[in-house]
Amino acid sequence: MHPQAFFLFTFLQFGILIPVRILFLGDHEFFSPILQNWLFWAINIVLSVAFIRRIGVLNFMEAFFIFLVWFLGGLFLDLLITSAFVRVPVFIQNTYWYGYLFMLFSIMLFHKKRHIHIRKEMHAKHGHH
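Given the structure is predicted, the values throughout are model-derived calculations rather than measurements. (Residues numbered from 1 in each chain as written. Predicted model: local features only at pLDDT ≥ 70, side-chain atom pairs only at ≥ 80, totals over all residues. Heavy atoms only, no water.)

Quick look at the layout of surface pockets
Here's step 1: Estimated volume of the largest pocket: approximately 170 Å³.
Here's step 2: As for the largest pocket, its lining consists of Phe-24, Leu-25, Gly-26, Asp-27, His-28, Glu-29, Pro-33, Gln-36, Asn-37, Gln-93 and Thr-95.
Here's step 3: Only helix 1 (3-25) and helix 2 (33-55) provide two or more residues apiece to the lining of the largest pocket.
Here's step 4: In terms of residue class, the lining of the largest pocket is made up of 3 nonpolar, 6 polar and 2 charged. (1 Å grid on protein atoms, 1.4 Å probe; cavity = no way out; pocket = protein on both sides within 12 Å on 5 of 7 lines; lining within 4 Å. Points joined across faces, edges and corners; volume = space filled by probe spheres on them. Helix = DSSP H or I, 4+ residues; strand = E, 2+ residues; numbered from the N terminus. Nonpolar A, V, L, I, M, F, W, Y, C, P; charged D, E, K, R; others polar.)

Here you go:
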């Protein structure tokens, strides 16, 4: 894991997802509620996958650590920022918690896995016999 990339994408993740949470979990209703929830979760998944893959090659423990930092940091920032802009408390909305669950699944499934990276390097180094 590259520390510079971790800090950069953690900052970007908070900077992008907090306004998205305010927009989608607030009083605004753009589409039907079901479509709005699905769009919120899709944005969550796409951003998580994009950022986690750009951090670099990770093992599962590092990927889980990144999720934990994003989860706890997100909770803290949502307590400070998001809850000030949203009339209905975000912490009682199922959509909010499912967003973190989808983030966890997407990080664990789509991060660049170290064991696969090592296997590819060994394969390239020794040829394909």
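Read on, since the account is not over.
A few points about a nonpolar patch on the surface
Here's step 1: On the surface, Leu-23, Phe-30, Phe-31, Leu-35 and Leu-39 cluster together to form a nonpolar patch covering roughly 430 Å² of accessible area.
Here's step 2: When its relative accessible area of 42% is taken as the criterion, Phe-30 is described as partly exposed. (Patch = residues over 30% accessible without salt bridge, like charges linked within 9 Å, V, L, I, M, F, W, Y side chains within 5 Å. Areas by Shrake-Rupley, 256 points an atom, 1.4 Å probe, with all protein chains shown as cover. Salt bridge = Lys/Arg side-chain N within 4 Å of Asp/Glu carboxyl O. Buried < 20%, exposed > 50% of the residue type's maximum accessible area, 1.4 Å probe, protein only.)

Quick word on the environment of Asp-27
Here's step 1: Within the fold, Asp-27 resides in the loop between helix 1 and helix 2.
Here's step 2: Residue class for Asp-27 comes out partly exposed when judged on its relative accessible area of 44%.
Here's step 3: Sequence separation between Asp-27 and Val-86 is 59 residues; the distance between their C-alpha atoms is 6.9 Å.
Here's step 4: The contact partners of Asp-27, leaving out residues within four places of it in the chain, are Arg-87 and Val-88. (Contact = heavy atoms within 4.5 Å.)

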